[in-house]
Amino acid sequence: MSAGQTNRAASGSTRQVLLAQNRSSRGERLLRFIRTPGGAVFVLLLALLAAVIAANPSFGEPGSLIRFIGRTAPIAIAAIGQYFVIASGEFDLSMGSVVTAQVIIAGNLIGQDESRAVPVLLLMLVFGAFVGFVNGCVTTLLKVPSFIVTLGTMLALLGLVMYWTGGAATGNPADSFRQIGRGGIRDVPLVEVLPYPLLILVGIAATAFWLMRRPFGRALLAAGDNPRAAALAGTPVWWIKTRAFMLSSLAATVAGIILVGYAGVHPSVGRGYEFTAITAVVLGGVVLGGGRGWVLSAAAGAFSLELLFTLLNFLGVESTWRDTVQGLIIIVAVAVAAQTWQRKRRGAPPPTLKIPPTPPGTTA
Amino acid sequence: MHRKVRTRITVVAATSLLALTACTTDSSIEDPPSAEAAPAATEAAPAESSDEWFDQAVYDTQDEQRSATFEGDPAQPYLQYIDGAMTDTAAFAAEGPQKVCFANASISNPWRQTGWITMNEQLKALQDSGVISEMETRDAQDDDNTQISDIDYFISEGNCGAFIISPNSTAALTPAVERACETGKPVVVFDRGVETDCATSFIHPIGGFAWGIDTAEFLSGKLQEGDKVVALRILPGVDVLEQRWAAAERIFEENGIEAVDYFTGADPTEIKKIIADELATGDVQGVWMDAGDGAVAAIEAFEDAGADLPVMTGEDELSFLRKWEETGIDALAPVYSNFQWRTPLLALEKIFKGEEVPAEWVLPQSPITEEDRGEFLEANEGMPDGHYAKFGGEDLPGYPTVWQERQIP
């Protein structure tokens, strides 16, 4: 028997197993999902939520819970944006600076003049898309590693902000514009108020979910997994990746719009956002290097991360430990994810595949 | 700022590289690290850190100076001083306009920007009257090393008739200031201090302890024993800021007020998060700030949470004064007199004439109370939120447009 035949036989049986998996009941599929890094983050999220509520029961009241979700929304949105770039096999380090730049643009150009809100909002979106376009083009067409490109963009934008503001806070934009990040739908039963950032997050998450099921999403993962193969299969890899960068910068822009409302104008707003977003994405089980991961897991990663910080805060751990915790999370989460995915890549069936398609007792 | 950014990039790069190369581990993501650390760590930590900055003798001096009488015309607070040792400057008397070299720590916060604008308007006035030919300025962007090389550049190549130094930090800049003194030219230091008295004059408002006493006594008077105060601090390690907290913390402790302190970096997102978490764990009756940057975000956090607004101390930044008036909270605006930015140039005017100047030029520093607030808001109408009420430049030529439009040179 030749090696080729063995392989064919092996892949045949794998196909059968996969088929059986797809036909298995909803409950089983859920169970299997939870065992992947992208699913485990939801378990982690619930566990952390329980721990926070145990540490401080008043946090569990619907009112404070909904406010927590509202204030974490910009981080989750940034994580969703960063997901696209990471899934395509790249990094976006310019995210935090884009947030800062947008906050400063809003503060300086809108000022107290409400009539400027809409034009400036459009300008901000165009500017966000433009930054992403530049990042994407330089990365894909000039073949500069995205790590370096976005590092450059990050510094360039920060320099611009420093030049513009001298590093100090300027006045806040009109209150009506700030309502996007600060306000909400009032008099909602049970939760009192439904913050706009939460609604924006839901909208963006739904769009991202839909996008990942479209050909764009499939091509994105293919390009992240193996860009050569994707290119040979006819995928315009440069345009796919460039769009991922644009989505990332646009997500940073939306986060900036929310933050300028929530917090106000200050050059420190957005500081460290790229790092937080990458941590959240990695915590959501998305593989650095691209090709694998679920977009909603990235958002769940953002919430888990913030819950963890809240928990540490409630337990009286000094906030100076935050960076250490964040660093450890990245290492641990990546290691766990790498272990799980690598097993699949090497061809050895992962533990879940060993579940027999037929009643227990028989071997596959 | 710059240095911080670079450090962070290194951290990001290093961690990501580590992350990329990490291969095996048995840890599970389901047990987050250090979640079981001991509670009450926050209460224990600040006590030791503030002891380091507490100096009973200086505290007592500043406490007395709060009620001292100042020499000079109260309409020109930037020229007032507390009677004390004077420096004889006859040797520095000079003919004709002189070149001044200014080593500035930074203009990275609204307080410094306001002062910088005022200083430049004062400069124009002195150029017109033929006292100063030009002022060469180097901005160290919050970096000690940059400022040291700036000063050394001035010494060797600046061709300076006099030095003005606003030190970035106390210990690190001392040798550079001493080198400037050795040139035999007049040296004026203002704002933060250095550990040498070689300067011709050291100009500063009363100081951090006075700020701490004013604010903590105000809050203690308004609050009950057992009430909780959240202290929002900008950053550690700067003497004028550390002394504010060192004094306040002591007074809170004496009055049985529970105070927890946080470093915020003046980031409004951080401030909101801190207050939101504090309000989720229990009631907060007071907010103390070591500088007003971000005061509005703190009040907004109470509004967003639907909680009772706190008794509060901020600063004389207009954003805070306006929010204070709008919300009607019980508050005090301590002042770290911004008009001190005019004084170094005016001191040089005296020095070039050979007139004596105070060796330690202590400027008035009195908080804005609820009674004065209306008056200051009216006087500063049309000024942007980042402007400081006691900027003291009303009689300068560019008033008010230069400050309104934030024309930063």
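Definitions and cut-offs
- Residues numbered from 1 in each chain as written.
- Chains lettered and ligands numbered in written order.
- Predicted model: local features only at pLDDT ≥ 70, side-chain atom pairs only at ≥ 80, totals over all residues.
- Helix = DSSP H or I, 4+ residues; strand = E, 2+ residues; numbered from the N terminus.
- Buried ≥ 20, exposed ≤ 12 C-beta atoms within 10 Å, placed from the backbone.
- Contact = placed C-beta atoms within 7 Å.
- Pairing = 2+ DSSP bridges.
- Axes fitted to C-alpha atoms, helices over the stretch in contact; angles between N-to-C directions.
- Parallel < 35°, antiparallel > 145°, perpendicular 65-115°, else oblique.
- Left-handed = near helix turned anticlockwise from the far one by under 90°.
- Core = buried A, V, L, I, M, F, W, Y, C linked by C-beta atoms within 7 Å.
- Domains from an automatic or database assignment.
- Nonpolar A, V, L, I, M, F, W, Y, C, P; charged D, E, K, R; others polar.
- pLDDT = per-residue confidence, 0-100.

Caption draft 1: Region of the structure containing the overall build of chain A. Looking only at helices and strands, one finds 15 helices and 2 strands in chain A. When burial is assessed residue by residue, chain A has 50% of its 364 residues classed as buried. Across chain A, contacts joining residues at least 24 apart in sequence account for 78% of those joining residues at least 6 apart.

Caption draft 2: Examining the overall build of chain B more closely. What chain B contains, in helices and strands, is 14 helices and 13 strands. Taken across its 409 residues, chain B has 50% of its residues classed as buried. Considering only residue pairs separated by 6 or more positions, chain B has 76% of its internal contacts joining residues 24 or more positions apart.

Caption draft 3: Expanded view of the sheet that holds strand 3 (residues 132–139) of chain B. Residue and element names in this part refer to chain B. The strand order 3-2-4-5-6-13 describes an open sheet built from 6 strands, whose pairing is parallel. Each of the sheet's edge strands pairs with one partner strand only, and the pair in question is strand 3 and strand 13 (360–363). This sheet shows a mean twist of 15° between the axes of neighbouring strands, independent of strand direction. Bridge analysis of strand 2 (residues 98–104) against strand 4 (residues 162–166) gives 5 bridges, and the strand direction is parallel. Opposite Cys101, over in strand 4, you have Phe163 as the bridge partner.

Caption draft 4: Quick peek at the packing of helix 3 (residues 56–65) of chain B against helix 7 (residues 208–222) of chain B. Residue and element names in this part refer to chain B. For the pair helix 3 and helix 7, the least separation of the axes is 8 Å and the interaxial angle reads 65°. It follows from the interaxial angle that helix 3 and helix 7 lie roughly perpendicular. Of the two elements, helix 3 crosses helix 7, and the hand of that crossing is right-handed. For the pair formed by helix 3 and helix 7, the contact residues are Val58, Tyr59, Gln62, Asp63 and Gln65 on the first element and Phe209, Ala210 and Ile213 on the second.

Caption draft 5: Inspection of the sheet that holds strand 9 (residues 286–289) of chain B at higher detail. The strand order across the open sheet formed by 5 strands is 8-7-9-10-11 (chain B), and the pairing between neighbours is parallel. Sheet topology places strand 8 (258–263) and strand 11 (331–332) of chain B at the edges, where each strand pairs with a single neighbour.

Caption draft 6: Spatial organisation of the nonpolar core. Ranked by internal contacts, the top residues of the largest apolar core, which has 212 residues, are A:Ala79 and A:Ile80. Counting residues per element, this core draws most heavily on helix 12 (residues 237–262) of chain A, which supplies 16 residues. Per-domain counts for this core show at least three residues from each of domain 1 (43–55 + 208–332) and domain 2 (81–206 + 337–363) of chain B.

Caption draft 7: Looking closely at the environment of A:Val325. Residue and element names in this part refer to chain A. Structurally, Val325 is set in helix 15 (residues 322–345). For Val325, a count of 19 C-beta atoms within 10 Å puts it in the partly exposed group. For the pair Val325 and Leu308, spaced 17 residues apart in sequence, the C-alpha separation works out to 9.2 Å.

Caption draft 8: Highlighting the domain arrangement of chain B. Residues and elements named next belong to chain B. Split into domains, chain B comes out as domain 1 (43–55 + 208–332) and domain 2 (81–206 + 337–363). Computed from C-alpha atoms alone, the centre-to-centre distance between domain 1 and domain 2 is 32 Å. Residue-level contacts link 6 residues of domain 1 with 7 residues of domain 2. Of the residues assigned to the side of domain 1 that touches domain 2, the class counts are 3 nonpolar, no polar and 3 charged.

Caption draft 9: Spatial organisation of the confidence of the model for chain A. Residue and element names in this part refer to chain A. Summarising the model, chain A shows a mean pLDDT of 85, and 88% of its residues fall at 70 or more. Taken together, the stretch residues 1–7 has pLDDT below 50 and engages in 1 contact with residues farther than four places along the chain or on a different chain. Note on residues 348–364: pLDDT under 50 across the span, and 16 contacts to partners over four residues away in sequence or across chains.

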